[in-house]
Amino acid sequence: AQSVSQHNHHVILSEAASLELGCNYSYGGTVNLFWYVQYPGQHLQLLLKYFSGDPLVKGIKGFEAEFIKSKFSFNLRKPSVQWSDTAEYFCAVTGGSASKIIFGSGTRLSIRP
Amino acid sequence: NAGVTQTPKFQVLKTGQSMTLQCAQDMNHNSMYWYRQDPGMGLRLIYYSASEGTTDKGEVPNGYNVSRLNKREFSLRLESAAPSQTSVYFCASRLQGGTTVTDTQYFGPGTRLTVL
C-alpha cells in the first residue's frame, strides 16, 4: 500500500533562512509526487509536482523539490523564506496511472519576522 | 468557472443524525475525491471516484458512503454521525490522464463538521 511520511511536524525559521521539508514515500512502482500548501484559513493549492524527467522540479513562489528515487524521497526546498510562507505543507503521492492520491500528515511552517 | 464547490460550509450534528455533504466541479474532471483533515493527521482519503459510475474506498471509509451522481457531482453521506467524525472535509477533483501540466488536484473550500 502506498504511504507518505513527513517527519517534521512543526518547523520554525527566521525570515531569510533556508528551508528543507522532508517527504518520504512508499510505493512499489512508478510514482507521481506533489507538494501542496495550505495558508491559514484557505484550501490546498499546488506548489509543484513531479511526473517524470528532470528530478529537480521548480514550482511557484521560489519553491523547488528533488525526487531521489533511491531514497524514496521528494524533499521541498526554498533558499530564503519569507513571513508570507507561514502555512502548512503537504506531500502527496500517486502511482503511475492510478487515481488514488495519498497525503502525508503535513508540516506546519512558522516564520519569525 | 467556480472550480470545486462544497455545501454546506459549516454543520453541527448530534450523534446519530445523518447528513450529506455535496461537492460539484465545473472543470469536466474525471476523478473526484473526499478527504478529511484532522490536526496532526494531515489529509486522509475517505473515498474516491476515478470516473462517473465508479467509486473506491480510501484510507478511512468506515462510517461513510458516497455517490458519484454524474460527472460533476460527488456526495459524501454520514448515515449515523459520531463525534469521531468531527473534522474538516475537503472535496477535490482532478483531470487524470491528461498532460502532466493539466494533471492536478483542485480542492474545494471545505466543510467544517462538528458532531456533538
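Residues numbered from 1 in each chain as written. Chains lettered and ligands numbered in written order. Predicted model: local features only at pLDDT ≥ 70, side-chain atom pairs only at ≥ 80, totals over all residues. Heavy atoms only, no water.

This part takes up the pairing of strand S9 (residues 73–78) of chain A. Residue and element names in this part refer to chain A. With 5 of 6 residues buried, S9 is to be regarded as a mostly interior element. Inspection of the sheet shows strand S3 (residues 19–21) paired to S9 by 3 bridges, in the antiparallel sense. Directly across from Leu21, in S9, lies its bridge partner Leu76. Of the strand pairs in this sheet, strand S8 (residues 64–68) and S9 are connected by 5 bridges, and their pairing is antiparallel. (Buried < 20%, exposed > 50% of the residue type's maximum accessible area, 1.4 Å probe, protein only. Helix = DSSP H or I, 4+ residues; strand = E, 2+ residues; numbered from the N terminus. Pairing = 2+ DSSP bridges.)

For the coordinates displayed, the defined rule picks out 8 salt bridges over all chains. In this structure, Arg36 of chain B and Asp38 of chain B form a salt bridge, with 2.8 Å as the shortest nitrogen-oxygen distance. Assessed through its relative accessible area of 11%, Asp38 of chain B is described here as buried. Linked through salt bridges whose partners overlap, the residues forming this network are Lys58, Glu64, Glu66 and Arg77 of chain A. (Salt bridge = Lys/Arg side-chain N within 4 Å of Asp/Glu carboxyl O.)

Our next topic: the sheet that holds strand S1 (residues 4–7) of chain B. By way of backbone hydrogen bonds, the strands of a sheet pair with one another, either parallel or antiparallel. Residues and elements named next belong to chain B. Strand order in the open sheet formed by 4 strands is S1-S3-S8-S7, and the pairing between neighbours is antiparallel. Every interior strand has two partners, whereas the edge strands, S1 and strand S7 (64–68), have only one. The sheet shows a mean angle of 15° between the axes of neighbouring strands, taken without regard to direction. Where strand S3 (residues 19–25) and strand S8 (residues 74–78) come together, 3 bridges link them in antiparallel fashion. Bridging across to S8, Leu21 finds its partner in Leu76. (Axes fitted to C-alpha atoms, helices over the stretch in contact; angles between N-to-C directions.)

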